[in-house]
Amino acid sequence: MTSLKPFTCADLFRFNKVNFDPLTETYGLSFYMTYMARWPDYFKKIENTKSEVVGYIMGKAEGIGENWHGHVTCLTVAEQYRRQGLAAKLMRNLEETSEHKRCYFVDLFVRVTNCKAIRMYESLGYIVYRTVLDYYSGDPDENAFGMNSIMALMRQINNVERKMIFHIFCLPYRYAKGFIKRRS
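Attention here is on the structure that accompanies the text. Remember, predicted model here, so these are calculated numbers, not experimental data. (Residues numbered from 1 in each chain as written. Predicted model: local features only at pLDDT ≥ 70, side-chain atom pairs only at ≥ 80, totals over all residues. Heavy atoms only, no water.)

**Quick word on helix 4 (residues 115–123)**
- Considered for burial, the residues of helix 4 that qualify are Ala117, Ile118, Met120 and Tyr121. For helix 4, the arc enclosing every buried residue in end-on projection is 160°, short of the 170-degree limit, so these residues lie on one face. Opposite the packed face of helix 4, turned more than 90 degrees from it, sit the exposed residues Lys116, Arg119 and Ser123.
- Taken together, the buried residues of helix 4 touch strand 4 (69–77), helix 3 (86–100), strand 5 (105–111) and strand 7 (142–150).
- Immediately beyond the C-terminal end of helix 4, within one or two residues, lies glycine 125, with a positive phi of roughly 100°. (Buried < 20%, exposed > 50% of the residue type's maximum accessible area, 1.4 Å probe, protein only. Helix = DSSP H or I, 4+ residues; strand = E, 2+ residues; numbered from the N terminus. Arc of directions from axis to C-beta. Contact = heavy atoms within 4.5 Å.)

Structure representation (structure tokens):
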């Protein structure tokens, strides 16, 4: 049994078991505090019956105009709690928050080698729309897939407009010369 709750400052001292996963990006304390202060609706945790943090999602809303979207900064679930739908539960909560804020889509980045996560995101309706070279630092650096999911707001638009907007937003929209390339 698990429950979804807001992430709090005290949780920063209780989430190490989850955060030490090699596929999870770890940030400085000020980074987490900034997200809690600026986007508290996007920062959620999952606790088990012992009140241990077993997963969390950190995100934000960003962009201007038609580029207003939700972004998944980090999503992780403790290894022993995976394959129970907890990541999908966290993603649905972030998507609901994004819809409430009238975002046009949600995007995220995932390691190209994290096949399980890619399959999970695809099962939730996300598509790969670009590859970002050397996005994750390490030895060696690793590429990331940029993935998008169009929100309910976009689903209300007629098919012709949807196709046009899909091509605008699901193709790379933040090119940096020599840094980002389309997926082959």
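There's more to say after this.
**Quick look at the nonpolar core**
- Leu75, Tyr121 and Met147 are the most contacted members of the largest nonpolar core, which totals 40 residues.
- Every element with two or more residues in this core is listed here: helix 2 (29–38), strand 2 (43–47), strand 3 (53–62), strand 4, helix 3, strand 5, helix 4 and strand 7.
- By residue number, the principal contributor to this core is strand 3, which donates six residues.
- Residues within four places of tyrosine 121 in sequence aside, it is in contact with Leu75, Met91, Leu108, Val110, Tyr126 and Met147. (Core = buried A, V, L, I, M, F, W, Y, C linked by side-chain atoms within 4.5 Å.)

**As for unusual backbone geometry**
- Here serine 51, not a glycine, exhibits a phi torsion of approximately 65°, which is positive.
- Owing to a relative accessible area of 36%, serine 51 belongs among the partly exposed residues under this scheme.
- One non-glycine residue with positive phi stands out, namely aspartate 134, at about 55°.
- Here aspartate 134 lies in strand 6 (residues 127–136).
- Classification of aspartate 134 as partly exposed rests on a relative accessible area of 44%.

**Notes on the pattern of salt bridges**
- The full count for this structure, using the stated rule, is nine salt bridges.
- One salt bridge in this structure joins arginine 14 and aspartate 11, with 2.9 Å as the shortest N-O distance.
- Relative accessible area serves as the criterion here: at 35%, arginine 14 is assigned to the partly exposed category.
- A salt bridge links lysine 45 to glutamate 47; its shortest N-O distance comes to 2.9 Å. The same class applies to lysine 45 as to glutamate 47, namely buried. (Salt bridge = Lys/Arg side-chain N within 4 Å of Asp/Glu carboxyl O.)

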